[in-house]
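Here's the letter readout for the chains.
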Amino acid sequence: MTDTAETLIAYCRDKDRVCPQPTRWSQLWEMLPNRHRVDGGWQPPLPLILAAWHDTPALLKTLRLAEHIEWAAKHQALHKIAAFVRGLREDEWCHLGQ
């Protein structure tokens, strides 16, 4: 299957998935090409892990993951990110209500 950003984002939201668990999400972010610092932050923005994990609602985590997927698509890395995401076990995801 050849993913688009939209189909991969839909997959990530299926089965009440929110985002990968912190360690796996960090690994995904590290795979994104052309990451760079901008005004004291990063482009694309960092995953919402560490201190942000417990204080961030599920919707914002879902949106940040979508932003990472869109970044991958824009930078010709969607195939690599899709393989990583689709290879995650279900217990490597955060789900709604967790």
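Counting restarts for each chain: residues are numbered from 1 in the order of the written sequence. Where local features are concerned, this predicted model is filtered to residues with pLDDT of at least 70; where side-chain atom pairs are given and counted, the filter is 80 or more; whole-chain, interface and lining totals use all residues. To obtain the side-chain values, all non-hydrogen atoms of the structure were used and water was disregarded.

Asker: Let's hear about the packing of aromatic side chains: which residues, and what values?
Answerer: Stacked, edge-to-face and tilted labels apply to pairs of Phe, Tyr and Trp rings (six-membered ring for Trp) whose centres lie within 6.5 Å, assigned for plane angles under 30 degrees, over 60, and everything in between, in that order. The final tally for this structure, using the stated rule, is two aromatic pairs. Where Y11 meets W93, the ring centres are 6.5 Å apart and the plane angle is 70°; that geometry is what we call edge-to-face. With Y11 in helix α1 (residues 5–13) and W93 in strand β4 (residues 93–95), the pair connects residues that are 82 residues apart, well separated along the chain. Burial classes: relative accessible area under 20% of the type maximum marks a residue as buried, over 50% as exposed, and values in between as partly exposed (1.4 Å probe, protein chains only). Overall, the relative accessible area of 1% leaves W93 in the buried class. A centroid spacing of 5.4 Å and a plane angle of 90° characterise the contact between W29 and W42, whose relative ring orientation is edge-to-face. Here W29, found in helix α2 (residues 22–31), pairs with W42, found in strand β3 (residues 41–43); they are 13 residues apart in sequence, far enough to count as distant. The ring of W93 carries R17 above its face, with NZ or CZ at 5.4 Å from the centroid. A helix here means a DSSP run of H or I that spans at least four residues, while a strand means a run of E at least two residues long, and both kinds are numbered starting from the N terminus. Only lysine NZ and arginine CZ atoms are considered, and such an atom sits over a ring when it is within 6 Å of the ring centre and within 35 degrees of the ring normal.

Asker: Can you tell me about unusual backbone geometry, naming the residues and giving the values?
Answerer: Here the amide bond leading from Q43 into P44 is cis, since omega sits at -10°, within 30 degrees of zero. Position of P44 relative to the elements: it lies in the loop between β3 and α3 (51–55). In this structure, N34 is a non-glycine residue whose phi angle is positive, near 60°. Structurally, N34 is set in the loop between α2 and β2 (36–38).

Asker: Describe the packing of α2 against helix α5 (residues 78–86), naming the residues involved and giving the relevant values.
Answerer: Viewed as axis vectors pointing N to C, α2 and α5 meet at an angle of 170°, and their least axial separation amounts to 10 Å. Taken together, the axes of α2 and α5 are roughly antiparallel relative to one another. On the side of α2, the interface is formed by R24, Q27, L28 and M31, while α5 contributes K80, I81, F84 and V85. For this scheme, ten residues count as nonpolar: Ala, Val, Leu, Ile, Met, Phe, Trp, Tyr, Cys and Pro. Four count as charged, namely Asp, Glu, Lys and Arg, and the remainder, Gly too, count as polar. Per-class residue counts for the contact of α2 with α5 are five nonpolar, one polar and two charged. Interaxial angle, 0 to 180 degrees, is taken between N-to-C directions of lines fitted to C-alpha atoms, where a helix line uses only the stretch in contact. With respect to orientation, any angle under 35 degrees is reported as roughly parallel, any angle over 145 as roughly antiparallel, any angle of 65 to 115 as roughly perpendicular, and every other angle as oblique. Note on definitions: a residue-residue contact is assigned when non-hydrogen atoms from the two residues lie within 4.5 Å.

Asker: Residue-level account of α2, with values.
Answerer: All of the buried residues in α2 are W25, L28 and W29. One side of α2 carries all its buried residues, which in axial view fall inside an arc of 100°. Buried residues along α2 sit against β1 (17–20), β3, α3, α4 (58–74) and α5. Regarding the arc, it is the one traced by the directions from the helix axis to the C-beta atoms.

Asker: An account of α5 is needed here, citing residue identities and associated values.
Answerer: Along α5, the residues classified as buried are L78, I81, A82, F84 and V85. Down the axis of α5, the smallest arc covering the buried residues is 165°, so these residues share one side. Along α5, exposed side chains directed more than 90 degrees from the buried face belong to H79 and A83.

Interpretation in functional terms is not warranted from these geometric data alone.
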